[in-house]
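In case you want the letters, here they are:
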Amino acid sequence: MTARYAFKFSLATLVFSRLASAQVPGTGTPEVHPKLPTYKCTTSGGCVMQDTSVVLDWNYRYIHSGSTSCTTSSGVNTALCPNQATCSANCQIEGVDYAAAGVTTSGNAVTMYQYKTANGKTSSVSPRIYLLGPDGNYVMMKLNGQELSFDVDLSTLPCGENGALYLSEMSATGGRNTNNPGGANYGSGYCDAQCPYETWRNGTIDSAGPFCCNEMDILEANSRANAFTPHPCTTNDCDKGGCGFNPYASGYHNYWAPGGTLDTSKPFTVITQFVTSDGSQSGSLTTITRKYIQNGRQIASAVSSGDSVYANNCQSGAPYGGLNTMGQALARGMVLIFSIWNDAGQNMNWLDSGSSGPCSSTEGAPSNILANNPNTHVIFSNIRWGDIGSTTGGIIVSSSSSTTRTTTTSSRTTTTSSRTTTTSSRTTTTTTTSSRTTTTSSRTTTPSTTTTTTTRTTTANGAQQTHWGQCGGIGWTGPTACSDGFSCSVLNPYYSQCL
Ligand SMILES: *[C@@H]1O[C@H](CO)[C@@H](O)[C@H](O)[C@H]1NC(C)=O
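Residues numbered from 1 in each chain as written. Predicted model: local features only at pLDDT ≥ 70, side-chain atom pairs only at ≥ 80, totals over all residues. Heavy atoms only, no water.

Looking at an unreviewed UniProt entry, the protein chain carries the name Glucanase, with the source organism given as Dactylellina haptotyla. Here is the UniProt Catalytic activity (unreviewed entry) comment for the protein chain, exactly as written: "Endohydrolysis of (1->4)-beta-D-glucosidic linkages in cellulose, lichenin and cereal beta-D-glucans." Here is the UniProt Sequence similarities (unreviewed entry) comment for the protein chain, exactly as written: "Belongs to the glycosyl hydrolase 7 (cellulase C) family." (UniProt positions renumbered as here; feature names shortened; annotations may be inferred.)

Locating N222 in the fold gives a position in the loop between strand 17 (215-221) and strand 18 (226-231). Distance from N222 to L351, taken between C-alpha atoms, is 8.9 Å for residues 129 residues apart in sequence. Not counting residues up to four positions away in its chain, the partners in contact with N222 are L154, L157, P158, C159, G160, E161, W256, L351 and D352. In this structure the side chain of N222 is engaged in a polar contact, spanning 3.0 Å, whose partner is the backbone oxygen of E161. (Helix = DSSP H or I, 4+ residues; strand = E, 2+ residues; numbered from the N terminus. Contact = heavy atoms within 4.5 Å. Polar contact = N/O pair within 3.5 Å; in protein donor to acceptor, adjacent residues only side chain to side chain.)

Okay, the site of the ligand next. Near the ligand you find S171, G175, R201, N202 and F211, and these make up its full shell. R201 has a polar side-chain atom sitting 3.4 Å from an oxygen atom of the ligand. N202 is positioned with one of its side-chain polar atoms (N or O) 2.3 Å from an oxygen atom of the ligand. Burial of the ligand by the protein amounts to 48% of the accessible area it has alone, namely 360 Å². (Near = heavy atom within 4 Å. Areas by Shrake-Rupley, 256 points an atom, 1.4 Å probe, with all protein chains shown as cover.)

Now for the state of the cysteines. Summed over the entire model, instances satisfying the criterion amount to eight disulfides. Between C195 and C212 runs a disulfide, and the two sulfur atoms are separated by 2.1 Å. Every disulfide takes its handedness from the sign of the S-S torsion; for C195 and C212 that torsion is 115°, giving right-handed. Of this pair, C195 sits in the loop between strand 16 (162-168) and strand 17 while C212 sits in the loop between strand 16 and strand 17, placing them 17 residues apart in sequence. In terms of burial, C195 and C212 fall into one category: buried. (Disulfide = S-S within 2.5 Å. Buried < 20%, exposed > 50% of the residue type's maximum accessible area, 1.4 Å probe, protein only.)

Strand order in the open sheet made by the three strands is 5-4-8, with antiparallel pairing throughout. Bordering the open sheet on either side are strand 5 (68-69) and strand 8 (92-93), each of which pairs with just one other strand. (Pairing = 2+ DSSP bridges.)

So, on to the side chain of N382. Turning to its location among the elements, N382 is positioned in strand 26 (residues 377-387). Polar contacts involving the side chain of N382 include one to the side chain of R384, which spans 2.8 Å.

A full pass over the atoms with the stated rule returns six salt bridges. The salt bridge involving R61 is made with E31; its shortest N-O contact spans 2.8 Å. Here R61 is found in the loop between strand 3 (53-56) and strand 4 (63-65), whereas its partner E31 is found in the loop between helix 1 (2-19) and strand 1 (38-42), with 30 residues between them in sequence. For the pair R61 and E31, one class covers both residues: buried. (Salt bridge = Lys/Arg side-chain N within 4 Å of Asp/Glu carboxyl O.)

On to the environment of S316. Mapped onto the elements, S316 comes out in the loop between strand 24 (307-310) and helix 3 (322-332). Looking at S316, the relative accessible area reads 33%, which means it is partly exposed. For the pair S316 and G241, spaced 75 residues apart in sequence, the C-alpha to C-alpha distance is 7.7 Å. Beyond its immediate sequence surroundings of up to four residues, S316 is in contact with D239, G242 and C243.

Time to look at helix 3. Every buried residue belonging to helix 3 is among G322, L323, T325, M326, G327, A329 and L330, and all of these are buried. Positioned one or two residues after helix 3, G333 has a phi angle of 120°, which is positive.

Of all six residues in strand 18, six are buried, a share of seventy percent or more. Residues N226, F228 and P230 of strand 18 are buried on one face, and the alternating residues A227, T229 and H231, pointing to the opposite face, are buried as well. Two strands pair when backbone bridges link them, and strand 17 and strand 18 are joined in this way by five bridges, in the antiparallel orientation. By the bridge assignment, E220 is partnered in strand 18 with A227. Two successive antiparallel strands, strand 17 and strand 18, enclose a turn made up of four residues.

See the structure below:
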């Protein structure tokens with residue numbers, strides 16, 4: 001990493017001195033990716049540690065020309081960024097202080113906070129990060145016919161909070177090109193099955209859209225509810241609601257709960273298997289199956305036949321090719337994404353309220369979470385992927401949902417104790433703010449039909465700025481008041497935002 005960055009910053013300095021500036025990594029804050037070792041496993045060779053790290057999304061960063069931000073509440077500063085090449089020549093993108101952005105790593109664990117406190121003020125940081133390989137590109141996980149496992153501690157996530165681990169078919173380089181030399185190293189190229197319109201599409205200004213990508217939600221969860229959901233896409237549209245599996249929605253109300261069958265007040269291991277028609281990595285994806293390990297033993301599935309999504313059982317996915325499309329994306333490779341978020345628009349009701357979970361429709365309001373759970377955070381650790389049965393130290397060896405075999409107590413105990421150890425010990429104390437200029441998609445779901453729509457953050461025309469919009473900073477002449485429920489937070493001298 002040191003050599004890579006030494007090169008990057010000497011290059012940045014060279015370009016800076018010749019051209020005045022460029023949309024290259026800036027010189028204000030170095031980008032130092034927190035290390036997050038992961039493990040790639042095979043049945044024959046066991047698990048091999050990977051030299052991986054995490055990178056914060058592009059939109060959370062300070063992009064500027066001298067002391068002027070290149071990003072505004074409505075998108076970009078059109079004087080500095082009339083087109084991609086000029087924008088790239090005028091603007092620099094800075095590294096971030098990860099702890100201030102709510103992200104810390106320790107061993108093979110990453111902890112993500114919804115809120116951070118700086119100068120006595122607590123603000124939402126809601127980080128989204130990607131798994132980065134040692135080559136500066138995203139790790140492309142190829143999981144068709146394979147499995148992914150990890151440990152999670154979501155005990156502090158209340159109703160309305162979403163600790164998410166998912167896959168999206170982003171470009172491996174983040175769309176790196178001459179106008180975006182940082183690419184994946186600076187977290188560019190986000191896309192998902194809500195088909196967002198990205199101001200910085202692939203790290204260059206581009207208001208065209210939508211930016212649809214196949215998405216596999218491995219875990220969207222808090223301590224009260226969870227779902228895993230494939231979202232296959234065609235070129236310009238996706239199965240936005242998806243055919244997910246949620247044990248509460250299936251009638252099992254004490255499965256995923258504090259003190260429940262799976263005790264969400266404690267860490268556990270989540271295993272997701274992508275079973276193909278012929279068991280090979282090139283076969284068509286027929287079943288996605290979920291398994292859990294807690295306290296050294298496999299927890300029985302909520303549904304006796306296995307907690308699964310089946311290819312022949314998803315009507316909303318059918319127009320998009322269903323699990324077959326999802327399997328093709330998983331075979332090509334998808335980027336691993338971690339996020340923590342909440343949602344003032346819908347209070348995350350689609351996940352944990354009504355028929356989906358035990359939460360009331362209002363208790364997931366961000367203002368309620370901030371008041372009662374400002375420390376809410378999620379810890380993901382011990383991320384392993386590879387052949388089915390190879391990632392859990394021999395605890396689970398079956399590849400079908402209906403036959404689950406377990407091995408000896410000693411191997412289970414050994415594996416689980418190391419997992420639990422890495423999951424449980426970490427705290428974060430850094431409390432400065434980060435620059436953040438992202439727009440978010442909020443999901444709207446009616447529990448009975450599981451449809452989802454995307455709501456984009458828009459710019460306020462009046463005196464009040466909307467959520468995420470700019471509300472102050474040097475040179476800012478727009479609205480300085482925020483709409484109901486949000487307050488203007490100073491992120492840096494040049495950018496204040498309604499959070
Ligand atoms: C992003 O960049 C990648 C790699 O250059 C490219 O394949 C992909 O089509 C781009 N996506 C969009 C939406 O522009």
